[in-house]
Each structure stands twice: as C-alpha cells, then as structure tokens.
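# Structure assessment
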Amino acid sequence: MNVLLIGGGGREHAIAYALAQSKLLGQLFVAPGNAGTAMVGTNLDLNPLDFDAVASLALKKNIQLIIVGPEQPLVDGIGDHFIRDPRLSHIQVFGPSAKAALLEGSKEFAKAFMRRHQVPTASARSFNIAEIAEAKEFLGTLKPPYVLKADGLAAGKGVIIANHISQAHQALEDMLVKEKFGRASQVVVIEEFLHGEECSVFAITDGKRFKLLPPAKDYKRANDGDQGLNTGGMGCVSPVPFADQQFMEKVTRRIVIPTINGIEKENLDYKGFLFFGLMNVKGDPYVVEYNVRMGDPEAQVVIPRLKNDLLEMCLNTVNGKLKDYTVLTDQQYAVSVIAASGGYPEKYEKGKVINGLDQVEQAIVYHAGTREDKGKVLTNGGRVLAVTAIDKSLAMARKNAYHAVEKIHFDNMFYRRDIGGELDTKD
Ligand code: AMP
Ligand code: GLY
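Note that this is a predicted model, so its numbers are computed, not measured.

Right, let's talk about the site of ligand 1 for a bit. What surrounds ligand 1 is a group of 15 residues, the closest being E191, E192, L194, E198 and E289. In this structure, a nitrogen atom belonging to ligand 1 sits 2.9 Å away from a main-chain N or O atom of E192. A distance of 3.0 Å is found between an oxygen atom of ligand 1 and a side-chain nitrogen or oxygen belonging to K220. Contributions of two or more residues to the shell around ligand 1 are made by β7 (146-150), β8 (159-162) and β16 (284-291). Partitioned by chemical class, the residues of the shell around ligand 1 number 8 nonpolar, no polar and 7 charged.

This is how it looks when you write it as structure tokens:
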C-alpha cells in the first residue's frame with residue numbers, strides 16, 4: 001500500500017526509515033520531508049496544513065494511509081477532513097480527530113479531562129484577560145517556582161517557570177495582555193510545580209484499546225547540566241532506568257487506563273500515538289502534559305527499538321485490531337544526540353554544508369532540519385540531525401552515539417555532551 005507521511009523532522013525520518021522496511025509498503029511519500037526522508041521515500045513539496053492540497057495529492061498518488069507526525073495538522077483537523085469527504089473516506093488517517101487532539105491543543109481542555117477521569121496531575125486553574133486579578137490572587141496562594149502555560153499550541157515554548165512572584169506577574173501580563181504567544185495565550189493555565197524526574201511514556205491506541213511502547217527520557221534544555229533555554233529536545237535515551245516495572249505498572253493503572261477509558265467514554269475519535277509527559281514524584285507518576293503524536297527526539301530512540309513492522313502496527317491501530325497485537329521491544333539501550341545549529345533555540349543560520357555523514361559507523365543518522373542541494377546536504381533548521389546508537393549497555397550506546405557525532409561537521413554545530421550521562425551510573 002502507498003503511504004503518505006506528514007512532517008519533515010527527525011521524528012518523521014525515524015518513522016519513514018522504519019516504514020521503508022515494511023513488507024506491506026508500496027510507495028512512501030513524505031510531505032514536506034527532509035534530505036533523510038528523501039533517501040527512503042519521495043518528498044513532496046506540499047503544505048501539510050492545506051488539507052485540500054493533501055487530499056488531491058493523496059488521490060493522485062493512490063494513498064491508502066496517511067500517518068501524521070506533528071501536532072498542528074491534527075489539532076487543525078486533518079483526520080476529520082478525510083472522514084467528512086466521501087471521495088476521501090477510503091483513505092485512513094493515523095492520528096486523532098481535532099476534538100481528541102485538544103488533549104494537546106488546549107492545556108485547559110487536558111486539565112479538565114484529567115480532572116473528570118481522576119488522572120493524577122498538578123493542581124491548576126485557568127484564567128483569561130478579564131481574570132488577571134484572580135490569577136494574581138491564585139499565584140499568591142502558591143509556593144515558587146510558579147508554572148504558567150499558554151493554553152494553546154506554542155511550538156513547545158508556551159511554558160514559563162518563574163522563580164519569583166514578580167516574574168510570574170510579568171509572565172501573566174505578557175501572555176494575557178501582550179499576547180506573547182498570540183491566540184495560544186488568550187487563556188493561561190497556572191499550576192502547582194511538581195518536583196521530580198521527567199520521562200515520556202507512549203501508547204498506540206484505537207480509542208478503546210492500547211499497547212504501550214518503550215518509555216524514553218528527553219533532554220529539553222539547550223546546554224549541558226540542564227542549563228540554558230528550553231528546546232524541542234537535545235537528546236534522548238530509551239529505556240529509562242527509573243521507569244522500571246513497578247513504576248510502569250503505576251503509570252498503566254493510574255494514568256494510561258483512566259485516560260483511554262476517558263477517551264472512550266467521551267466518544268473521542270482517537271487512532272494514533274498518545275504521548276504521556278510524566279513527572280516521577282518520589283515514585284508516583286503525574287501527567288505534565290499529553291501529546292497526541294510521537295515525540296521528537298523520542299521517536300528517534302523508541303522506534304528503532306521496536307521489533308514490529310511499523311506499518312503493520314499503524315494498520316492494526318486504524319483498523320481497531322489492537323486486542324491481540326503484541327508490541328515487541330529490543331531490550332538494548334538507544335541513545336540519540338541532537339546536532340543543532342549555533343544559536344538554536346533562538347536565532348540561527350541555515351544553509352551550512354554538512355560534512356562527514358558518510359564517515360559515521362555503528363549509528364543511524366536521522367535527519368531533522370536538512371535539505372539536499374546539488375548532491376550536498378545542507379542545514380535547514382535549528383535541530384539538524386539526531387544521531388542514534390543502540391547497544392547492550394547504556395555506556396556503549398552513549399560512546400557510539402558520541403563517536404558518530406564527532407565525525408559530523410557543519411559551521412556552528414553544537415550538541416550536548418551529557419545525554420544519558422546521569423543515567424549511566426545505574427547501568
Ligand atoms: P510542557 O510543554 O507542558 O511539557 O512543559 C514544558 C516543560 O516545563 C516540561 O517538560 C517540564 O520540564 C516543565 N513543567 C511543565 N509543567 C510543570 C510542572 N507542573 N511542574 C514542574 N515542571 C513543569
Ligand atoms: N520532545 C518533546 C516533544 O516532542 O514534545
């Protein structure tokens with residue numbers, strides 16, 4: 001069957017790379033893709049948010065399944081678009097409906113959903129511009145640090161952690177009055193700060209049943225030692241030593257099952273990946289956020305550990321056949337290190353020539369922000385490459401990932417040198 005994959009980052013290269021190994025695959029198209037996806041499929045110059053354009057291309061290329069990588073097309077209703085139009089109803093979409101995607105698209109919706117289904121999360125209240133005085137009063141009842149979140153999608157930047165009440169007031173004004181994140185911050189969620197270690201847990205679900213995929217730990221800050229600005233993620237490790245069987249049983253019982261039951265009870269049309277961003281608070285898991293897709297760079301460590309045929313897994317999900325489906329996981333460690341453009345996550349330059357890709361051994365280089373031009377691979381984004389190594393021990397996986405990164409060069413390239421470092425001692 002022919003498949004269209006939407007997106008163009010490292011996550012999409014990891015998905016495309018796995019799909020390309022499927023016996024069920026006919027042609028793979030990626031929109032817009034990058035220089036990496038072009039090695040395993042055909043890139044299409046297409047705006048994934050123009051659903052009419054996606055639809056006509058899907059018809060032209062005889063696509064039977066669309067797999068959606070990023071959140072924006074899901075929140076904008078790509079799945080609903082294909083269900084609504086009878087000419088498109090034979091094309092299945094792996095990804096939730098717009099209503100279900102509000103679990104990521106609106107923090108207020110997600111918080112209310114968690115409250116309705118008793119899913120453990122930080123206590124929170126939401127406020128609009130008319131409620132600034134109440135918001136300040138509420139902040140006064142909390143202890144620092146203060147967590148303020150833009151309700152809507154803000155490209156991973158909508159969370160502000162303020163150490164002082166004056167900073168929290170400023171952040172509130174910036175979001176509600178100055179609309180720092182545009183419409184996304186017309187409503188602000190203020191919540192209790194959770195102290196603990198973060199990890200990401202993933203499921204595939206058809207809205208009734210689910211199967212867990214291996215957990216991962218993302219390194220969100222730009223610099224070593226968790227210093228610097230928040231990014232989309234600078235590296236990742238899977239599995240996560242503290243997410244042991246006992247912890248995962250709690251996650252399943254207290255978080256995953258009530259969430260899936262809630263999705264079913266509320267008739268949310270959900271077929272796709274579901275990502276639980278969790279905080280481990282002294283052994284007890286709390287939801288920090290839901291995402292309605294795979295993570296990036298989590299996909300670059302989770303997907304290579306799956307032994308299943310990824311296309312078959314997606315088909316079982318969209319066809320509601322997860323009951324007897326088994327997810328098989330490679331027990332080895334995967335470590336992924338992001339090579340980023342100098343300046344990221346703020347201003348950075350594009351168009352730098354990437355050298356050394358052919359020197360890499362014992363690692364997979366997933367492309368993120370890259371494009372091909374006259375036989376050269378050029379940088380085309382903030383996060384440029386995700387270099388993933390897999391090995392029996394975390395130490396060896398780290399060593400191989402870093403060894404591979406060191407072979408690669410482009411102007412102003414930088415990367416964190418401590419991905420998986422603090423976990424290594426427990427290996
Ligand atoms: P989010 O976009 O909701 O994942 O938030 C971005 C990051 O902010 C998370 O990965 C956490 O590191 C941090 N964060 C969000 N909410 C909380 C919270 N309630 N307590 C502590 N840290 C948080
Ligand atoms: N790495 C975090 C995310 O994909 O949201």
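Here the narrative resumes, following the displayed structure.
Strand order in this open sheet of 5 strands is β3-β2-β1-β4-β5, and the pairing throughout is parallel. On the outer flanks of this sheet lie β3 (42-43) and β5 (92-94), each paired with one strand and no other. Here strand β1 (residues 2-7) runs beside strand β2 (residues 28-32); their pairing, made up of 5 bridges, is parallel. When the sheet's bridge partners are listed, L4 is paired in β2 with F29. On top of the sheet, helix α1 (residues 10-19) reaches β1, β2 and β4 (63-68); it is set at about 165° to β1, its chief contact.

What surrounds ligand 2 is the set D218, G232, F275, N291, R293, G295, D296, P297 and E298. Taking D218, its side chain carries an N or O atom lying 2.8 Å from a nitrogen atom of ligand 2. A distance of 2.9 Å separates an oxygen atom of ligand 2 from a polar side-chain atom of R293. In isolation ligand 2 has 200 Å² of accessible area, and contact with the protein removes 88% of it. Here the shell around ligand 2 is built from residues that sort into 2 nonpolar, 3 polar and 4 charged.

On to the sheet that holds β8. Judged by pairing direction, the sheet is antiparallel, and its 4 strands sit side by side in the order β6-β9-β7-β8 without closing on themselves. Looking along the sheet, the strands with just one partner apiece sit at the ends: β6 (124-128) and β8. Averaged over all pairs of adjacent strands, the angle between their axes in this sheet comes to 25°, without regard to strand direction. Bridging between β7 and strand β9 (residues 187-191) involves 4 bridges; their strand directions are antiparallel. Of the residues in β9, the one forming a bridge with K149 is V189. Where helix α7 (residues 107-116) meets the sheet, it contacts β6, β7 and β9, and its direction lies at approximately 45° from that of β9.

About the criteria used
Residues numbered from 1 in each chain as written. Chains lettered and ligands numbered in written order. Predicted model: local features only at pLDDT ≥ 70, side-chain atom pairs only at ≥ 80, totals over all residues. Heavy atoms only, no water. Near = heavy atom within 4 Å. Polar contact = N/O pair within 3.5 Å; in protein donor to acceptor, adjacent residues only side chain to side chain. Helix = DSSP H or I, 4+ residues; strand = E, 2+ residues; numbered from the N terminus. Nonpolar A, V, L, I, M, F, W, Y, C, P; charged D, E, K, R; others polar. Pairing = 2+ DSSP bridges. Contact = heavy atoms within 4.5 Å. Axes fitted to C-alpha atoms, helices over the stretch in contact; angles between N-to-C directions. Areas by Shrake-Rupley, 256 points an atom, 1.4 Å probe, with all protein chains shown as cover.

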